[in-house]
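# Notes for the structure review
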Amino acid sequence: MNELTETLNSNHRKKEFSCGKEILDNYLHKQANQDIKRKLSACFVLTDKETDLLKGYYTLANNSLAQDLIPAEFQKKLPNSYKSIPTTLLGRLAIDNRFQKQGIGKLLLIDALRRSYKISKSIGSFAVVVDPIGKEAEQFYDKYGFIKLPDSGKMFLPMNTIKTIFS
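Residues numbered from 1 in each chain as written. Predicted model: local features only at pLDDT ≥ 70, side-chain atom pairs only at ≥ 80, totals over all residues. Heavy atoms only, no water.

### Here's the deal with the confidence of the model for the protein
Quick reminder of the rule: Confidence scores here are pLDDT values: one per residue, from the predictor, ranging 0 to 100. Helical segments are the DSSP runs of H or I of at least four residues, strand segments are the runs of E of at least two, and each set is numbered from the N terminus.
With 99% of its residues at a pLDDT of at least 70, the protein reaches an overall mean of 92. Mean pLDDT across the elements of the protein ranges from a minimum in helix α2 (residues 72-75), with 85, to a maximum in strand β2 (residues 42-47), with 97.

### Some thoughts on the state of the cysteines
Counted only if it meets this: Disulfides are defined as pairs of cysteine sulfur atoms found within 2.5 Å of each other. Burial here depends on accessible area, computed with a 1.4 Å probe over protein chains only, as a share of the maximum for the residue type. Under 20% is buried, over 50% is exposed, and the range in between is partly exposed.
With the rule as written, the count across this model stands at zero disulfides. The thiol of C19 is not disulfide-bonded; the next cysteine sulfur, from C43, is found 12 Å away. Overall, C43 belongs to the buried group, its relative accessible area being 0%.

### Quick notes on unusual backbone geometry
It is generally the case that most residues other than glycine have a negative phi and that most peptide bonds are trans. Positive phi outside glycine occurs at K39, with the angle close to 60°. Following the sequence through the fold, K39 ends up in the loop between α1 (22-37) and β2. The exposure class of K39 is exposed, given its relative accessible area of 73%. In this structure, K101 is a non-glycine residue whose phi angle is positive, near 65°. On the secondary structure map, K101 appears in the loop between β4 (84-95) and α3 (104-120).

Right, here's the structure in full:
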């Protein structure tokens, strides 16, 4: 199966990317390459095959959540010996203004979840975690089943739920 996205590299036209959120634009323009080099995150991009423009991107990184942040119905299935639960962080997801409202966010989310699920087969990860920027992003993740974590703005989707999508 062909990959939807590819790893960000120096050939990609990052400077032309604009999603309307300065923090997400600046990350791609100024920080993404450094994070990749330092192994802090991986950045995956979707390009427009005709124009070579970046349609969107997302980042993935290892992460963990304190067990007491996880809702009780999930906590009871986890061993008490784990104070911190391994997760995958979907740190950023952004769509260029020229390509918004075309379902690309959904495509990138599915790609990120598929990638995260594949990785979880070889490296433990209980869930994918997001930290939405604003109400619109929160509603986006809510629509796809992400669960709000109590006492934080973060949301998560258990890997067992993701497994049902891809198996």
